[in-house]
Amino acid sequence: MMNLPKGFCYAGVACGIKDSEKLDLSLIVSDESAVAAGVYTQNIVRASSIDWNRSITPTASFRGLVVNSGNANACTGSQGIQNNQAMAFQLSKLLETDANQVAVLSTGIIGVQLPMDRIGSGIQSAFDGLANGQDAFHSAATGILTTDQSEKISTVAGSGYQIAGMAKGAGMIGPKMATMLGIIVSDVDLDMDQAQDMIRTAADYSFNRISVEGHTSTNDALILICSGKSGVTLETEASKNDFQQKLNQCCLELAKKIPADGEGASHLIQIKVKGAQNGEEADRIARTIAASALVKTAVTGSDPNWGRIVSAAGYAGVQLDPDKIGLKLNGCSLYESGQPVEFDQRSVSQRISEQFETMIELAVGSGEGNACHWTSDLTVDYVRFNSEYTT
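Rules used in this analysis
- Residues numbered from 1 in each chain as written.
- Predicted model: local features only at pLDDT ≥ 70, side-chain atom pairs only at ≥ 80, totals over all residues.
- Heavy atoms only, no water.
- Helix = DSSP H or I, 4+ residues; strand = E, 2+ residues; numbered from the N terminus.
- Rg over C-alpha atoms; globule rule 2.2 N^0.38 Å.
- Buried < 20%, exposed > 50% of the residue type's maximum accessible area, 1.4 Å probe, protein only.
- Contact = heavy atoms within 4.5 Å.
- Areas by Shrake-Rupley, 256 points an atom, 1.4 Å probe, with all protein chains shown as cover.
- Pairing = 2+ DSSP bridges.
- Axes fitted to C-alpha atoms, helices over the stretch in contact; angles between N-to-C directions.
- Parallel < 35°, antiparallel > 145°, perpendicular 65-115°, else oblique.
- Left-handed = near helix turned anticlockwise from the far one by under 90°.
- Nonpolar A, V, L, I, M, F, W, Y, C, P; charged D, E, K, R; others polar.
- Core = buried A, V, L, I, M, F, W, Y, C linked by side-chain atoms within 4.5 Å.
- Salt bridge = Lys/Arg side-chain N within 4 Å of Asp/Glu carboxyl O.
- Expected span 1.5 Å × (residues − 1).
- Polar contact = N/O pair within 3.5 Å; in protein donor to acceptor, adjacent residues only side chain to side chain.
- Patch = residues over 30% accessible without salt bridge, like charges linked within 9 Å, V, L, I, M, F, W, Y side chains within 5 Å.
- Lys, Arg positive; Asp, Glu negative; His and termini not counted.
- Charge placed at Lys NZ, Arg CZ, Asp CG, Glu CD.

Comments concerning the overall build of the protein chain
Thinking step 1. Helix and strand counts for the protein chain come out as 11 helices and 15 strands.
Thinking step 2. A globule of 391 residues ought to have a C-alpha radius of gyration of about 21 Å, and the protein chain, at 22 Å, matches this closely.
Thinking step 3. Along the first, second and third principal axes, the C-alpha set of the protein chain runs to 70 × 55 × 40 Å.
Thinking step 4. Within the protein chain, the proportion of its 391 residues that are buried is 54%.
Thinking step 5. Relative to all contacts within the protein chain whose residues are 6 or more apart in sequence, the contacts with residues 24 or more apart total 80%.
Thinking step 6. Counting only carbon and sulfur atoms, one obtains 46% of the accessible surface of the protein chain, whose full area is about 16,200 Å².

Below you can see the structure in the form of structure tokens.
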């Protein structure tokens, strides 16, 4: 049984953007004015929806969000801007509100104009089908997907309030807002400045720590919407910390599902770095290892080739003492104090092969800097899928 936050309705419909019967347009609507905040892609080349959402968030008068999948509406010029605005204006008219109270998200193929006749009928159909139950939430979560194998959802119960989230992403995933869409709803009562600070913190804790191939896309966005319908306010430090922790949890659960669903992936890889001088340096090392094609393909082949991992740490641009580096792979020590350790290569290889998750633990010194990063391995299926994606 999934408990959803109070004050929201959802819908997902198939309107033909994907030229199939798959759901490709979703609505998330607040019963009344709500607080909304977001963080967005850092790519200079970005979709019209990103500029639109940046101009209207944070806000205390949010009413609705329309999301289409199958078409990114990115690099589409002035026509793309007009199409994005038309989506916001249509939903705002149905909600009898202003267009700047409606956010828009798009995801899919870059450089293709939206089929606005289909989208127009889709928004109307979704609006007519809005509901506040689990089925409607699942439909909305499915309607935002592109190459994902399945929906990505998470629900977290707080002290008197609920948080629920949905996300999409499987390829073109890199740090700096990953390459994904994330929508988090809650019935907690907070102001828009709190919402902006908290969603940025949650993004740094989660979606900014995942990658598949390091490609930051044009449409990345993470939006937090709070209805206040629970009556729970965040007036004390304890209540703020509690909500931030629960929000981080929800976002991290969603974020980890993205590289786990990486296109063609056979392993989810977690990289834990400890002992760096500070968190920033630890994060840089973890990201460098995650971006290494040699590390990723070694995991694909169940090869405990620790030299690829240690050498990646060495070119991360961080000052390290090689004599203090130690490495464990799925709990097995392979390298300690700058020296190789004897281990049963066949046993470690078998453990990689049999487990979907692979844990890389790297110690680089005695500092207080720690970091985690999640990525997928690199398979022939990934190359084949992305070579054929638009043909």
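Points about the pairing of strand 14 (residues 357-363)
Thinking step 1. Side chains T358, I360 and L362 project from strand 14 onto a buried face, and the interleaved E357, M359, E361 and A363 project onto a face without burial.
Thinking step 2. Where strand 10 (residues 268-276) lies against strand 14, seven bridges are found, and the strand directions are parallel. If you follow Q270 over to strand 14, its bridge partner there is M359.

Remarks on the packing of helix 5 (residues 192-205) against helix 6 (residues 237-260)
Thinking step 1. One way to put it is that helix 5 packs onto helix 6 with a least axis distance of 9 Å and a crossing angle of 45°. The angle between helix 5 and helix 6 places the two elements in the oblique class. In this structure, the crossing between helix 5 and helix 6 has a hand that is right-handed. Note on element contacts: helix 6 touches helix 5 through K240, F243, Q244, L247, N248, C251 and L252, opposite Q194, M198, I199, T201, A202 and Y205.
Thinking step 2. Partitioning the contact of helix 5 with helix 6 into residue classes produces eight nonpolar, four polar and one charged.

A closer look at the sheet that holds strand 10
Thinking step 1. Read from one edge to the other, the open sheet built from seven strands follows the order 8-15-10-14-11-12-13, with strand pairing classed as mixed. A single partner strand is all that each edge strand has here, and the edge strands are strand 8 (210-211) and strand 13 (339-340).
Thinking step 2. In terms of strand pairing, strand 8 meets strand 15 (residues 369-376) through two bridges, oriented parallel. Across the sheet, residue I210 finds its bridge partner in strand 15, namely W374.
Thinking step 3. The strands touched by helix 7 (residues 279-291) within the sheet are strand 8, strand 10, strand 14 and strand 15, with strand 15 carrying the most contacts at an inclination of about 20°.

Some words on the nonpolar core
Thinking step 1. The biggest cluster of nonpolar side chains holds 53 residues, and the ones touching the most others in it are Y10, L25, L65, M166, I183 and I225.
Thinking step 2. When residues of this core are assigned to their parent elements, the largest contribution, seven residues, is made by strand 2 (residues 25-40).
Thinking step 3. Not counting chain neighbours up to four residues away, the residues in contact with M166 comprise I28, F137, A140, A141, I144, K152, I153, L181, G182, I183 and L254.
Thinking step 4. Counting residues in each nonpolar core, the second largest holds 33 residues, with M198, A202, F207 and C250 among its members.

Focus on the pattern of salt bridges
Thinking step 1. Here the structure, examined in full by the defined rule, presents eight salt bridges.
Thinking step 2. K229 is the partner of E32 in a salt bridge, and the nearest nitrogen-oxygen pair spans 3.2 Å. Taken together, the positions of E32 in strand 2 and K229 in the loop between strand 9 (221-226) and helix 6 put the pair 197 residues apart, joining distant regions of the chain.
Thinking step 3. The partly exposed category is assigned to K229, whose relative accessible area is 36%.
Thinking step 4. Of the charged contacts in the structure, one is a salt bridge between R284 and E280, with a shortest N-O distance of 3.6 Å. Note that R284 and E280 are positioned in helix 7 at a spacing of four residues, about one turn of the helix.
Thinking step 5. Relative accessible area serves as the criterion here: at 34%, R284 is assigned to the partly exposed category.
Thinking step 6. One connected set of salt bridges, linked through shared partners, spans R209, D283 and R287.

Description of the pairing of strand 3 (residues 59-71)
Thinking step 1. Of all 13 residues making up strand 3, 10 are buried, and the element is well covered by its neighbours.
Thinking step 2. With seven bridges connecting them, strand 2 and strand 3 associate as antiparallel partners. Across the sheet, A36 pairs through a bridge with T59, a residue of strand 3.

Digging into the environment of C226
Thinking step 1. Inspection of the secondary structure assignment puts C226 in strand 9.
Thinking step 2. For the pair C226 and P5, spaced 221 residues apart in sequence, the C-alpha separation works out to 8.8 Å.
Thinking step 3. If we skip the residues at most four places from it in the chain, C226 touches F8, A34, V35, S186, V188 and L190.

Concerning helix 7
Thinking step 1. Here helix 7 is 13 residues long and its end C-alpha atoms lie 18 Å apart, about the 18 Å a rise of 1.5 Å per residue gives.
Thinking step 2. Those residues of helix 7 not exposed but buried are A282, D283, I285, A286, T288, I289 and A290.
Thinking step 3. In this fold, the buried residues of helix 7 make contact with strand 8, strand 10, helix 8 (293-300), helix 9 (306-314), strand 14 and strand 15.
Thinking step 4. Near the N-terminus of helix 7, the side chain that reaches the backbone nitrogen of E280, with its oxygen 3.2 Å away, is that of N278.

Some remarks on the side chain of N330
Thinking step 1. Examined against the element boundaries, N330 turns out to sit in the loop between strand 11 (326-329) and strand 12 (332-336).
Thinking step 2. Looking at N330, its side chain comes within polar contact range of the main-chain nitrogen of M359, at 2.8 Å.
Thinking step 3. When residues no more than four places from it in sequence are discounted, the contact partners of N330 are R351, I352, Q355, E357, T358 and M359.

Observations concerning a negative patch on the surface
Thinking step 1. On the surface, a cluster of negative charge is contributed by D189, D191, D193, D197 and E235.
Thinking step 2. Locating D191 in the fold gives a position in the loop between strand 7 (181-186) and helix 5.
Thinking step 3. Judged by relative accessible area, D191 falls into the partly exposed class, the value being 40%.

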